[in-house]
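Structural overview for review
What follows is each chain in one-letter form.
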Amino acid sequence: RKRRNFSKQATEVLNEYFYSHLSNPYPSEEAKEELAKQCGITVSQVSNWFGNKRIRYKKNIGKFQEEANLYAMKTALGARQGEDSPHTPNSTGTRRQWLQLETLLKPGVTLIRFLCKDPRS
């Protein structure tokens, strides 16, 4: 059987979810169903993608640092702009998201928190 990659949009959605839930990158069955619908793939494909992503991430954590920073920044910027998305911090998850963002960023890059953090939270 010929192997095909997912669309760029599907990969973006999956990566956004993965990096915004990095402390627990195991989506619930409901989240998998929603991701499958958004990406136009099966729940089984979503499960396999997350299994592969977790393994590859752990194996090459340094290599994925830049990608993690990118998605953390997108999440932070989305929160600053008030997006109502399951991938952006909300009032109850904001502090955890910022701690996660600071953990992902290399020393000296935490200036993003100053630029993006909503002063109300």
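Residues numbered from 1 in each chain as written. Predicted model: local features only at pLDDT ≥ 70, side-chain atom pairs only at ≥ 80, totals over all residues. Heavy atoms only, no water.

As annotated in an unreviewed UniProt entry, the chain is Pre-B-cell leukemia transcription factor 2 from Xenotaenia resolanae. Recorded under Subcellular location (unreviewed entry), the UniProt text for the chain is reproduced unchanged: "Nucleus". (UniProt positions renumbered as here; feature names shortened; annotations may be inferred.)

1. Comments concerning the overall build of the chain
The helix and strand inventory of the chain stands at six helices and zero strands. Reading the chain from its N end, one meets helices and strands in the order α-α-α-α-α-α. Long-range pairs, those at least 24 residues apart, make up 62% of the contacts in the chain with a sequence separation of at least 6. Surface summary for the chain: the accessible area is close to 8200 Å², and the carbon and sulfur share equals 51%. (Helix = DSSP H or I, 4+ residues; strand = E, 2+ residues; numbered from the N terminus. Contact = heavy atoms within 4.5 Å. Areas by Shrake-Rupley, 256 points an atom, 1.4 Å probe, with all protein chains shown as cover.)

2. Overview of the confidence of the model for the chain
Within the chain, residue pLDDT values average 75, and 64% of them lie at 70 or more. Per-element mean pLDDT across the chain ranges from 40 in helix α6 (residues 111-116) up to 98 in helix α2 (residues 29-39). Here residues 106-121 scores under 50 on pLDDT; set against residues more than four positions off or in separate chains, the count is 19 contacts. (pLDDT = per-residue confidence, 0-100.)

3. Quick word on the nonpolar core
Counting 19 residues, the largest nonpolar core has Leu14, Phe18, Tyr19, Leu35, Val46 and Phe50 as the members making the most contacts within it. Elements supplying a minimum of two residues to this core: α1 (8-20), α2, α3 (43-59) and α4 (65-80). The element that contributes the greatest number of residues to this core is α1, accounting for six residues. (Core = buried A, V, L, I, M, F, W, Y, C linked by side-chain atoms within 4.5 Å. Buried < 20%, exposed > 50% of the residue type's maximum accessible area, 1.4 Å probe, protein only.)

4. Quick word on the side chain of Ser20
Note that Ser20 resides in helix α1. Of note is the side chain of Ser20, whose polar atom sits 3.1 Å from the side chain of His21. (Polar contact = N/O pair within 3.5 Å; in protein donor to acceptor, adjacent residues only side chain to side chain.)

5. Concerning the packing of α1 against α3
One can describe the packing of α1 onto α3 by two numbers: an axis separation of 11 Å at closest approach and a directional angle of 55°. Taken together, the axes of α1 and α3 lie oblique to each other. Viewed along their axes, α1 and α3 form a crossing whose handedness is right-handed. On the side of α1, the interface is formed by Leu14, Asn15, Tyr17, Phe18 and Tyr19, while α3 contributes Val46, Trp49, Phe50, Lys53, Arg54 and Tyr57. Considered class by class, the residues forming the contact of α1 with α3 number eight nonpolar, one polar and two charged. (Axes fitted to C-alpha atoms, helices over the stretch in contact; angles between N-to-C directions. Parallel < 35°, antiparallel > 145°, perpendicular 65-115°, else oblique. Left-handed = near helix turned anticlockwise from the far one by under 90°. Nonpolar A, V, L, I, M, F, W, Y, C, P; charged D, E, K, R; others polar.)

6. Here's the deal with α1
A rise of 1.5 Å per residue sets the reference length of α1, with its 13 residues, at 18 Å; its end C-alpha atoms lie 18 Å apart and thus fit the reference within 8%. Regarding α1, the residues found buried are Ala10, Val13, Leu14, Asn15, Tyr17, Phe18, Tyr19 and Ser20. (Expected span 1.5 Å × (residues − 1).)

7. Brief notes about the pattern of salt bridges
For the structure shown, the criterion picks out one salt bridge. For Lys32, the salt bridge identified is with Glu29, shortest N-O distance 3.3 Å. Placement of both Lys32 and Glu29 in helix α2 is noted, with a separation of three residues, approximately one turn of the helix. (Salt bridge = Lys/Arg side-chain N within 4 Å of Asp/Glu carboxyl O.)

8. Quick notes on the layout of surface pockets
Estimated volume of the largest pocket: approximately 620 Å³. Ranked by residues supplied to the lining of the largest pocket, first place goes to α3 with six residues. Looking at the lining of the largest pocket residue by residue, the classes come out as three nonpolar, six polar and six charged. (1 Å grid on protein atoms, 1.4 Å probe; cavity = no way out; pocket = protein on both sides within 12 Å on 5 of 7 lines; lining within 4 Å. Points joined across faces, edges and corners; volume = space filled by probe spheres on them.)

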